[in-house]
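Coordinate inspection notes
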Amino acid sequence: MKKPNFDLEKARRDTPGCENVIHFNNAGAALMPQPVLEAVLSHLKLEASIGGYEAALQSKRAIDHVYDASGSLIGCSRDEIAIVENATRAWDMAFYSIPFNPGDRILTSMAEYASNYIAFLQRARKTDVTIDIIPNDDSSQISVEALRSMVDEKVKLIAITHVPTNGGLVNPANEVGKISQEIDALYLLDACQSIGQMGIDVNTIGCDILSATGRKYLRGPRGTGFLYVRRRRIRELEPPFLDLHAAKWTAHDRYEIRSDARRFENWETNVAGKIGLGVAIDYAMQWGLDSIWERIRYLAESLRSRLSDIPGIMGRDLGTLKCGIVTFTVDGKDPFDIQRALLEKNINVSVSKLESTRLDMESRHLKSLIRASVHYYNSEDEIERFCETLASSA
Ligand SMILES: *Cc1c(COP(=O)(O)O)cnc(C)c1O
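Described in the following lines is the structure provided in the data block. What you see is a predicted model, and the numbers here were worked out from it, not measured in a lab.

Secondary structure assignment for the protein chain yields 15 helices and 15 strands. By the compact-globule yardstick of 21 Å for 394 residues, the protein chain fits well, its C-alpha radius of gyration being 21 Å. In terms of its C-alpha atoms, the protein chain occupies a principal-axis envelope of roughly 70 × 60 × 35 Å. Burial status across the protein chain gives 56% buried among its 394 residues.

Encoded structure:
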């Protein structure tokens, strides 16, 4: 892959953490850029100096803006967005709203995230629904052909993970969308790891519901996330919890649920975080998701290629199109020991465990993996130093 043009100097200048660490844990929580940090801190200071409600009133535009920013990021309108505290709660609020009937089928992927799968299991136990796993193709991404042969009128929901927590795989979300539209099933996409990493357009993908987090590739504050629900689907999804924000108490014995996606929100929220999320989205869009994606793929590819030269290291990424999450194992070494050794050198990676993506990990006989996830602000020099440190400790 050709080295893309990218203003790395600016990216690093904007990222205070670059001075302290080699941060290859962007799939865990990326380093916040300065504008996000400033937005969050200044709102907290305002709360402390004039009062929380009064600060919210003064920051109303910035708070409102996060809906427009999220909408522009994924190509939907602001009333199709709910801002919540994380991707899991976003996903849950939509999933637990789906009116399943006994006999309905849920189709999901091998790469599915534990929290999602646990929810399927709970649902399957309570209502008699079945969970069917779409097999992978030869490149270990969702087999679109297999999916096509599996669908019937019993399929209520297709819920898949776009990019799994444990590797570079990018599932063919658009192709899945075409099939879900043909059978008019609900299509729920977990875009937690793809958001902020690549361009996402809900109309191109064809999903009805999408969940996203703030702290990963979007570089937002922790404890932020959002949910997208396609307008025509909102009314059929009644949230499992309602409060005075999600619904209005209209008479002694009556309430009315909001008609927009904010029915999936709750009233009290981390306002500074919400503002920070909006700023993080604006900041990502200033770079442009296409150039972010190009730069990330270039870095990840360089890292994969450098790692393949180190004896004893086994690359573990699946799929045809690979993203910024680079996973590997080291012969005879426990991934947690490697992680600890790297941390001592101020190099951040994380370890993905079997329990986070059990279907996939079991099928590959893996207990854990080292996950080095790169972002556009990482440098070629960091990749070099990372590999040298690894080679000397491996
Ligand atoms: C991190 C992650 C989640 C959970 O996101 P939270 O914001 O922690 O709730 C869900 N799905 C995938 C694929 C993830 O990587």
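From this point, the discussion proceeds with the structure in view.
What the rule picks out here adds up to 14 aromatic pairs. Relative to Trp-287, the ring of Tyr-283 has its centre 6.3 Å away and its plane inclined at 75°; by these criteria the two rings are edge-to-face. Of the two residues, Tyr-283 and Trp-287 are both situated in helix H11 (residues 271-287); the distance of 4 residues between them amounts to about one turn of the helix. Residue classification places Trp-287 among the buried positions, given a relative accessible area of 14%. Connected via pairs of aromatic rings, a cluster forms that spans Trp-91, Phe-95, Tyr-96, Phe-100, Tyr-117 and Phe-120. Across the ring face of Tyr-67, the terminal group of Arg-262 is positioned such that the distance to the ring centre comes to 3.8 Å. The ring of Trp-293 is capped by Arg-297, whose NZ or CZ atom sits 4.9 Å from the centre of that ring.

Moving on: the packing of helix H5 (residues 87-95) against helix H6 (residues 114-126). Direction vectors running N to C along H5 and H6 enclose 25°, while the axes themselves pass 10 Å from each other. Our classification of the angle between H5 and H6 gives roughly parallel. For the crossing formed where H5 meets H6, the hand is right-handed. Counted together, Thr-88, Trp-91 and Phe-95 of H5 and Ser-115, Asn-116, Ala-119, Phe-120 and Arg-123 of H6 form the full contact between these two elements. Classifying every residue of the contact of H5 with H6 gives 4 nonpolar, 3 polar and 1 charged.

Turning next to the environment of Glu-355. Residue placement: Glu-355 occurs in the loop between strand S14 (350-353) and helix H14 (358-363). Using a relative accessible area of 47% as the deciding quantity, one classes Glu-355 as partly exposed. Spatially, the C-alpha atom of Glu-355 lies 20 Å from that of Lys-216, the residues being 139 residues apart in sequence.

Okay, the side chain of Ser-143 next. When you line up the elements, Ser-143 lands in the loop between strand S4 (130-134) and helix H7 (144-150). When its relative accessible area of 10% is taken as the criterion, Ser-143 is described as buried. There is a polar contact of 3.0 Å between the side chain of Ser-143 and the backbone nitrogen of Ala-146. Other than its neighbours up to four places away in sequence, Ser-143 contacts Ile-134, Pro-135, Asn-136 and Asp-137.

Most peptide bonds take the trans configuration, and most residues that are not glycine carry a negative phi. One non-glycine residue, Asp-184, lies in the positive phi region at around 55°. Residue placement: Asp-184 occurs in the loop between helix H8 (173-183) and strand S6 (186-190). Under the relative-accessibility criterion, Asp-184 is labelled partly exposed at 49%. If you check the backbone angles, Arg-219 has positive phi at about 70° while not being a glycine.

The rules behind each value
Residues numbered from 1 in each chain as written. Predicted model: local features only at pLDDT ≥ 70, side-chain atom pairs only at ≥ 80, totals over all residues. Heavy atoms only, no water. Helix = DSSP H or I, 4+ residues; strand = E, 2+ residues; numbered from the N terminus. Rg over C-alpha atoms; globule rule 2.2 N^0.38 Å. Buried < 20%, exposed > 50% of the residue type's maximum accessible area, 1.4 Å probe, protein only. Phe/Tyr/Trp six-rings, centres within 6.5 Å; stacked < 30°, edge-to-face > 60°. Lys NZ or Arg CZ within 6 Å of the ring centre and 35° of its normal. Axes fitted to C-alpha atoms, helices over the stretch in contact; angles between N-to-C directions. Parallel < 35°, antiparallel > 145°, perpendicular 65-115°, else oblique. Left-handed = near helix turned anticlockwise from the far one by under 90°. Contact = heavy atoms within 4.5 Å. Nonpolar A, V, L, I, M, F, W, Y, C, P; charged D, E, K, R; others polar. Polar contact = N/O pair within 3.5 Å; in protein donor to acceptor, adjacent residues only side chain to side chain.

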